[in-house]
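These are the residues of each chain, in order.
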Amino acid sequence: MSAVRTTCPYCGVGCGLRASPAAGGGFEIRGDSEHPANLGRVCSKGAALGETLGLDGRLLHPEIRGARASWDEALDAVATGFARTIAAHGPDSVAFYVSGQLLTEDYYVANKLMKGFIGSANIDTNSRLCMASAVAGYKRAFGADAVPNDYTDLEQAELIVLVGSNLAWCHPVLFQRISAAKAANPKLKLVLIDPRRTQSADIADLHLQLRLGSDVVLFNGLLNYLRREDALDLEFLDAHTEGFGAALRCAKESAASIPAVAAACGLAEDDVLELYRLFARTPKTVTAFSQGVNQSTSGTDKVNAIVNVHLATGRIGKPGMGPFSLTGQPNAMGGREVGGLANQLAAHMDFAEANVERVARFWGSPRVAARPGLKAVDLFDAVERGAVKAVWIISTNPVVSMPDAERVRRALQRCELVVVSDCVRDTDTTRCAHVLLPAAAWGEKAGTVTNSERRISRQRSFMPPPGEAQPDWWIVAQVAKRMGFGTAFDYDGPAAIFREHARLSAFENGGERALDIGAVASLSDAEYETLQPFQWPRPAGVAAPPRLFADGRFFTASRKAQLVPTTPRAPAHKPDADYPLVLNTGRVRDQWHTMTRTGRSARLSGHHAEPFVQLHPLDATRFGLALGDLVEVATATARIVVRLEITDVVTPGQVFVPMHWGSVFASNARVCTLIPAAVDAISGQPELKAAPVRVGRYEPKWYGFALSRAPLELPATSYKAVSRGAGYWRYELAGDELPGSWPEWADAVLGPRTARVELSDVAGGRYRGANVDGERLQACVFVATAKSLPSRTWLATLFGSPKLSDADRLAILAGRAPKGALEAGPVVCSCFAVGRSTLLRAIRGDKLVSVEQIGKALRAGTNCGSCIPELKGLLAESAPSTAAQN
Ligand code: SF4
């Protein structure tokens, strides 16, 4: 089998990949050098995809109320349940909640069933959580949800303003492309605007660590400055825009001067001025933004404040410039295109009467939804109230990722019918399901995705679905047939669905709608199979425009772009004496969403093995916390317990917790339980980055950890975090209750004590035990009443050892590595499993001063490059001691 060209299932960069059979079984995944998004590059997550293809944890058969069922039984249960609910309570009593993980073809069929044939628009997507504000902002400004840029703009720009985006970790291949462009072009400057000093600051010429939520003031101030400095493009404003006067008035009122902006944003005046000067004098400017902008109760205004300064300077529709929304998910854009958001009908059409009538004719359905449906937060509110009585959740995990996540769980537990399609058996959401439907996973399913630059690429299958798993489009179409809509869902494969989607995009379009891919509406199955990545629009019969908006014509009624007045607003919830800190959430480098796939990879799990909270040193002192403490982060209604990192990447008053950990990987770390469900009034996007919280030390009676070749069934403990290592599972533990006997507790953890070495120090409050089967370590557990415990990384190396030496056995009991054994520390370079301690030893001992030297010595940073910002951080951290040694 030759390599199959496909696309990465993780972030919105949409990297092309080649999957080929690996020598030892499984598949090797490499970057596709011919794909324009990545030109052969991959990040740590993409590089580890081959490790995530196993069957452990997969949902392989349909289930009804926990019992295995046939497909016929399960599909009948779903179709009957939905039909009965609709007959009794109307079409708005049911809902779908879908995902940016779906392929466009899956999305299209789900949207067609709900909006076209059930007759409700109650279908929304988890993309609501990541980029709904960008959609709303673009629509207000351009009359269409049309991202104006492509990735080459980032390389042709001379200034990149990166707002609310940790590109280095969340879109790593784009970060690599920008890093390379900066190295090749010293004139290219990058300004980072982010309340955290993320790894993306590594290549920034200027970092504005602004106050959370103050972006609108900053960009209003910029608009005002551009007017004062006579840096506007008056010709463009006059010919191609409307609304400048009102936008400027608003900007003047809210951001009258640089001192006023600096004070409102918590920035130095010189830094604000530096940004404004750079922007004013650099025509080739791209402002790239992501969740830090979108996930806010004023997210849409933030987007428009950014778009305003590009329109005011005519910096759109030309190479190297434009306001560029970077989408989080691999197919958030595809979902937008087919109507996966509750406020869009289909093919980028909204619910205007003419659109509803047009789509009804195209689909041949008399009952197309005529008004928008419930957006994500409202949808789950309706489930909780009982207004929505049947919900089908496809390929997403809202019990972890939605704000007020515990309320979402409660809502699902009360719901009469919860259907969940997923490829994973156990998630916080599948635990709430009445009917479970096994879906095909990446590598098994086929279709298309659209990345952040509007590029449509094929995802291709290279292995059959296991068990009874089926593609999502098939599952939805089967339910549609059973509900009596058979002829409209009689597809023989994804190519037929893609053709229909493309035909709808072109249907009665005539250049009125941005999305038009009519040129690919008649592809044969064979042509679909070999379809090359392309950007939309691609209308039939006419040449595709070389660049969106190059002609200065937009998709508003007047064909002019709209500047929108934007009034700054503080986040919905403010800190106070009881909850004095502001919680910011985000992502880590090596995990994706709720870890259902990346959590299976040992090398990805080594980077952060536990959920954590980052706190500034001043706040750590203020709250009496020390590095490595278990910390309770709490609101009035919820609390999580996570490990403390003390770092000045966050400012005083701010805490950061990643969003990935659900109940499957940690006992109590669902950070979204702490987030109130406040949303942007226009986009419906929740404010996921500004929740008031308090922190305090969590003081259990004991701390511990276990390492084991096989998964362990652990007795209930108050704190547990589980992760994969190379050949072992790792459990971090703590408890509120001291067991009566540690050896007996260890029996429950480790199993029979036939080959146990152990040390039980009752007076010292310590227990160490290890099961050794023959000559190999099978499992070990360490507990203590104090926080300090032996190093996990040295013990973990013993799972790779074919034979434990006597020194190893003694060292296990002593809780220390034998003399001469070297600690690796937490993984920094995932590709070559190089740990922090190894790196620091090499940097200090061998006096390494550059990433290149580290690469030569240890290979770290020489494959995907995702760890390079952290390598630079370690070099900086070591600089004084290196100097001292010199
Ligand atoms: S940057 Fe990484 S996660 Fe994103 S698409 Fe590329 S390989 Fe996948």
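Structure report, in brief. (Residues numbered from 1 in each chain as written. Predicted model: local features only at pLDDT ≥ 70, side-chain atom pairs only at ≥ 80, totals over all residues. Heavy atoms only, no water.)

A tally of regular secondary structure across the protein gives 30 helices and 34 strands. Taking the principal axes of the C-alpha coordinates as reference, the protein spans close to 80 × 65 × 55 Å. Of all 886 residues assigned to the protein, the portion counted as buried reaches 64%. Considering only contacts within the protein whose residues lie at least 6 apart along the sequence, 71% involve residues at least 24 apart. (Helix = DSSP H or I, 4+ residues; strand = E, 2+ residues; numbered from the N terminus. Buried < 20%, exposed > 50% of the residue type's maximum accessible area, 1.4 Å probe, protein only. Contact = heavy atoms within 4.5 Å.)

This part is about the side chain of Ser120. Tracing the backbone through its elements, the reader meets Ser120 in the loop between α3 (104–118) and β7 (123–125). Ser120 sits in the buried class, given a relative accessible area of 1%. The residues touching Ser120, leaving out its near neighbours within four places in the chain, are Pro91, Asp92, Val94, Met114, Lys115 and Ala369.

Quick look at the nonpolar core now. Ranked by size, the top nonpolar core spans 181 residues in total, and within it Phe82, Phe96, Ile193, Leu218, Phe219, Trp392 and Phe489 carry the most contacts. Setting aside residues up to four positions removed in sequence, Ile193 forms contacts with Val161, Leu162, Val163, Gly164, Leu208, Leu210, Leu218, Phe219 and Leu275. (Core = buried A, V, L, I, M, F, W, Y, C linked by side-chain atoms within 4.5 Å.)

As a further point, take helix α2 (residues 71–89). Compared with the 27 Å implied by 1.5 Å per residue over 19 residues, the 27 Å span of α2 between its first and last C-alpha is a close match. Those residues of α2 that sit buried are Trp71, Ala74, Leu75, Val78, Ala79, Gly81, Phe82, Thr85 and Ile86. Here the buried residues of α2 occupy an arc of 155 degrees about the axis, which is enough to place them on one side. Turned more than 90 degrees off the buried face of α2, the exposed positions are Arg84, Ala87 and Ala88. Following α2 by one or two positions, Gly90 adopts a phi angle in the positive range, close to 90 degrees. (Expected span 1.5 Å × (residues − 1). Arc of directions from axis to C-beta.)

What follows covers the sheet that holds strand β17 (residues 447–450). The strand order β17-β18-β19 describes an open sheet built from three strands, whose pairing is antiparallel. At either end of the open sheet lies a strand with only one pairing partner, and these are β17 and β19 (534–535). Where β17 lies against strand β18 (residues 455–459), four bridges are found, and the strand directions are antiparallel. Looking at the pairing, Gly447 lines up with Gln459 of β18. (Pairing = 2+ DSSP bridges.)

Along the polypeptide, Ala180 turns up in helix α7 (residues 172–184). Taking the C-alpha atoms as reference, Ala180 lies 33 Å from Ala561; in sequence the two are 381 residues apart.

Here we come to empty space enclosed by the protein. Scanning the model with the defined rule gives six cavities of 30 Å³ or more in all. Each pocket or cavity is described by its volume, and for the largest cavity that value is around 620 Å³. Each residue belonging to the lining of the largest cavity can be placed in one class, and the counts come to 18 nonpolar, 15 polar and eight charged. Of the voids in this model, the second largest cavity is the one considered here, and its volume is about 390 Å³. In terms of lining, the second largest cavity is formed by 33 residues, of which the most central are Gly164, Gln291, Gly292, Thr585 and Lys689. Where the lining of the second largest cavity is concerned, the elements lending two or more residues are α6 (167–170), α13 (291–294) and β21 (581–586). With three residues, the single largest contributor to the lining of the second largest cavity is β21. (1 Å grid on protein atoms, 1.4 Å probe; cavity = no way out; pocket = protein on both sides within 12 Å on 5 of 7 lines; lining within 4 Å. Points joined across faces, edges and corners; volume = space filled by probe spheres on them. Nonpolar A, V, L, I, M, F, W, Y, C, P; charged D, E, K, R; others polar.)

Around the ligand, the neighbouring residues are Cys8, Tyr10, Cys11, Val13, Gly14, Cys15, Cys43, Lys45, Gly46, Pro172 and Val173. Looking at the shell around the ligand, the elements that each hand over two or more residues are α1 (44–47) and α7. Of the residues belonging to the shell around the ligand, the class tally is eight nonpolar, two polar and one charged. (Near = heavy atom within 4 Å.)

A few words now on the packing of helix α8 (residues 215–228) against helix α12 (residues 269–281). Running from amino to carboxyl end, α8 crosses α12 at an angle of 55 degrees, the nearest separation of the two axes being 10 Å. For the element pair α8 / α12, the angle class is oblique. In terms of crossing hand, the pair formed by α8 and α12 is right-handed. Residue-level inspection shows Val217, Leu218, Gly221, Leu222, Tyr225 and Leu226 of α8 in contact with α12, the latter providing Val272, Leu273, Leu275, Tyr276, Arg277, Phe279 and Ala280. (Axes fitted to C-alpha atoms, helices over the stretch in contact; angles between N-to-C directions. Parallel < 35°, antiparallel > 145°, perpendicular 65-115°, else oblique. Left-handed = near helix turned anticlockwise from the far one by under 90°.)

For the rest of this paragraph, the subject is the layout of surface pockets. The space that makes up the second largest pocket amounts to roughly 700 Å³. At the level of secondary structure, the elements contributing two or more residues to the lining of the second largest pocket comprise β28 (719–725) and β29 (728–735). When residues in the lining of the second largest pocket are grouped by element, the largest group, three residues, is from β28. Within the lining of the second largest pocket, the residues separate by chemical class into 12 nonpolar, nine polar and nine charged.

Summed over the entire model, instances satisfying the criterion amount to 27 aromatic pairs. Counting every residue linked through ring pairs, the aromatic cluster contains Tyr138, Phe142, Phe289, Phe549, Phe554 and Phe555. A cation over an aromatic ring shows up here: Arg196 above the ring of Phe656, its NZ or CZ 3.6 Å from the ring centre. (Phe/Tyr/Trp six-rings, centres within 6.5 Å; stacked < 30°, edge-to-face > 60°. Lys NZ or Arg CZ within 6 Å of the ring centre and 35° of its normal.)

Treat this as a map of the structure, not an account of what it does.
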